[in-house]
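Structural description and commentary
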Amino acid sequence: TETVTGPAERTAPAGLPERIQHYVDGELVDSVDGATFDVIDPVTNEVYIQAAAGKKDDVDRAVAAARKAFKEGPWPGMLPRERSRVLHRIADIVTSRDQQLAEMESYDSGLPITQALGQARRAAENFRFFADLVVAQSDDTFKVPGRQINYVNRKPIGVAGLITPWNTPFMLESWKIAPAIATGNTVVLKPAEFTPLSASLWAGIFEEAGVPQGVFNLVNGIGEEAGDALVKHPDVPLISFTGESRTGQLIFANAAPHLKGLSMELGGKSPAVVFADADIEAAVDATIFGVFSLNGERCTAGSRILVQREIYDEFVERYAAQAKRVTVGYPHDPATEVGTLVHPEHFEKVMSYVEIGKQEGRLVAGGGRPEGFETGNFVAPTVFADVAPDARIFQEEIFGPVVAITPFDTDAEALELANDTRYGLAAYVWTDDLKRAHNFAQAIEAGMVWLNSNNVRDLRTPFGGVKASGLGHEGGYRSIDFYTDQQAVHITL
Ligand code: NAD
């Protein structure tokens, strides 16, 4: 079958709003001062829509609505089963619109359409999962026969401020909104300014599903204004943030005077360690997917590959050959495996690392714009071999389709290299030796480890990083813990 490949055939997705507004207390609204900002599409880098640029006044309005809904609305006091039914309806609506959602996400972010579709479905799953979890939830009870009963009351906390990045934006928003509202909180979402389109769809979805007015509020705008005002708002006791480590540090400092509950999902520079006894074909396939899927704009990307010396040359050769076969294309083309990076600013950043890499390593695939794509934020899958551990491309998060490969000799050296960055989000280990795999996992400084496995995740497992990659965990019951207070009640018998 023929696939559409050129930008000329590309049309704006159906159902595009006239402009992107805030959503406050059940109403779509513009900014108090009428300000807007430009949103571009990453294939042409032309402005295709305006979004409301929220500032402190807009955040104040949204927080007031969320607070009112928390204090006076039905949501926090509803039975978990009732809230659960609403969340399942949200999931049904998201599923029924997955194609449209994917088209919008792909148009706004540059994600390949097939991958954007997968992310839309994952967003629906997040709602289903937390809908089920709050119904299944049981809380601790401790008994001392004849003396005491102790039990735990789990209570929603209030207005949760949710600040999200531009990579897989719709899915990452669902990852926070679902547990926050499932547990009875109300929310103000501040999505990333590069990709506000898919977030604007939540309002309609929630209204249709029957979420009461004021439970979900959305303020668009840049981080330093809208995000900052949310972080500093005294009536927002919780901030869940996903984004860069240095933004996380700033938010941590800004939230300190209010002693807010903080959850931080931050950057990564995750190692994939391939031992000589590994299934090399499976390891090549998985490590290609691990850094080039989602355009390499993935927090858990395996962006450093450490390979044991005995198989190093063979691995590099096979890896480079496969990287060259990855299909770069227009995001809306179903054959595309790597689309466009999200924004020209990010494109410049990634391209600057490609140039740095040429000084620091041996270029074996890619190295710049792919042939035939003279405009737009396209970067060819780029592979550097023989990268030293003190290289910037070994240490710094690039967040694009660029990978560094480094040899090692012994297990101890592999571990040292794996742990030799400020980050500690994910790690991938490839070996046929079961004991080595488990011992290595235990020793590695990473919040999540995949053994002989691609990046697949059961929604019940904790998600989070160590070192500069994060603070606290979300996922499964950890999300429930973050979004609720656990009050201990003691009774003397
Ligand atoms: P970013 O830190 O630039 O922005 C994230 C969000 O924070 C945006 O909504 C932004 O507007 C807002 N923001 C920026 N400055 C702010 C401030 N001073 N106060 C309040 N809010 C502010 O990150 P990004 O470039 O959008 O996203 C990419 C980063 O996110 C990468 O580092 C990636 O690894 C990380 N990430 C981590 C995870 C994870 O789960 N660990 C998942 C996805 C992405």
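The structure reproduced in this document is the subject of the present report.

Reading guide: rules and limits
- Residues numbered from 1 in each chain as written.
- Predicted model: local features only at pLDDT ≥ 70, side-chain atom pairs only at ≥ 80, totals over all residues.
- Heavy atoms only, no water.
- Near = heavy atom within 4 Å.
- Areas by Shrake-Rupley, 256 points an atom, 1.4 Å probe, with all protein chains shown as cover.
- Nonpolar A, V, L, I, M, F, W, Y, C, P; charged D, E, K, R; others polar.
- Pairing = 2+ DSSP bridges.
- Helix = DSSP H or I, 4+ residues; strand = E, 2+ residues; numbered from the N terminus.
- Axes fitted to C-alpha atoms, helices over the stretch in contact; angles between N-to-C directions.
- Expected span 1.5 Å × (residues − 1).
- Buried < 20%, exposed > 50% of the residue type's maximum accessible area, 1.4 Å probe, protein only.
- Arc of directions from axis to C-beta.
- Contact = heavy atoms within 4.5 Å.
- Phe/Tyr/Trp six-rings, centres within 6.5 Å; stacked < 30°, edge-to-face > 60°.
- Lys NZ or Arg CZ within 6 Å of the ring centre and 35° of its normal.

**So, the site of the ligand**
Taken together, 30 residues sit near the ligand, with T164, K190, E193, T247 and E397 positioned nearest. With the chains in place, 93% of the 850 Å² that the ligand exposes on its own is no longer accessible. Taken together, the residues of the shell around the ligand sort by class into 15 nonpolar, nine polar and six charged.

**With respect to the sheet that holds strand β22 (residues 484-492)**
Pairing in this open sheet of three strands is antiparallel, and the strands run β5-β6-β22 from one edge to the other. With partners counted over all chains shown, the strands left at the sheet margins are β5 (141-144) and β22, one partner each. Neighbour-to-neighbour, the strand axes of the sheet open up by a mean angle of 20 degrees, direction not taken into account. Relative to β22, strand β6 (residues 148-156) is paired through nine bridges, and the arrangement is antiparallel. Each bridged residue has a counterpart across the sheet, and for R154 the counterpart in β22 is Q486.

**Description of helix α1 (residues 56-72)**
The end-to-end C-alpha distance of α1 is 24 Å, a good match for the 24 Å that 17 residues give at a rise of 1.5 Å each. For α1, every residue scored as buried is listed here: D58, V59, A62, V63, A65, A66, A69 and F70. Buried positions in α1, seen along its axis, are confined to an arc of 155 degrees and lie on one side of it. Turned more than 90 degrees away from the buried face of α1 sit K56, K71 and E72, all of them exposed. If you follow the buried residues of α1, they end up packed against β1 (22-24), β6, β7 (159-163), β8 (186-190), β9 (216-218) and α7 (223-232).

**Quick look at the side chain of S453**
Mapped onto the elements of the fold, S453 is located in the loop between β19 (448-451) and β20 (466-467). With sequence-adjacent residues up to four places away left out, S453 is seen in contact with Y428 and W430.

**A closer look at the packing of aromatic side chains**
Ring pairs (aromatic) are described by centroid distance and by the angle formed between their planes. One pass over the full model with this rule turns up 20 aromatic pairs. Between Y48 and Y107, the ring centres sit 5.0 Å apart and the planes meet at 90 degrees, which makes this aromatic pair edge-to-face. Placement of the pair is Y48 in strand β4 (residues 46-52) and Y107 in helix α3 (residues 98-109), with a sequence separation of 59 residues. When its relative accessible area of 12% is taken as the criterion, Y107 is described as buried. On the basis of an interplanar angle of 15 degrees and a centroid distance of 5.3 Å, the ring pair of Y428 and W450 is categorised as stacked. On the criterion of sequence distance, the pair formed by Y428 in strand β18 (residues 426-430) and W450 in strand β19 is long-range, its members being 22 residues apart. Through a chain of ring-to-ring contacts, three or more aromatic side chains come together here, namely Y23, F127, F170, W202, F206 and F216. Just above the ring of F394 sits the side chain of R304; from NZ or CZ to the centre is 4.7 Å. Above the face of the Y423 ring, R422 is positioned so that its terminal group lies 5.1 Å from the ring centre.

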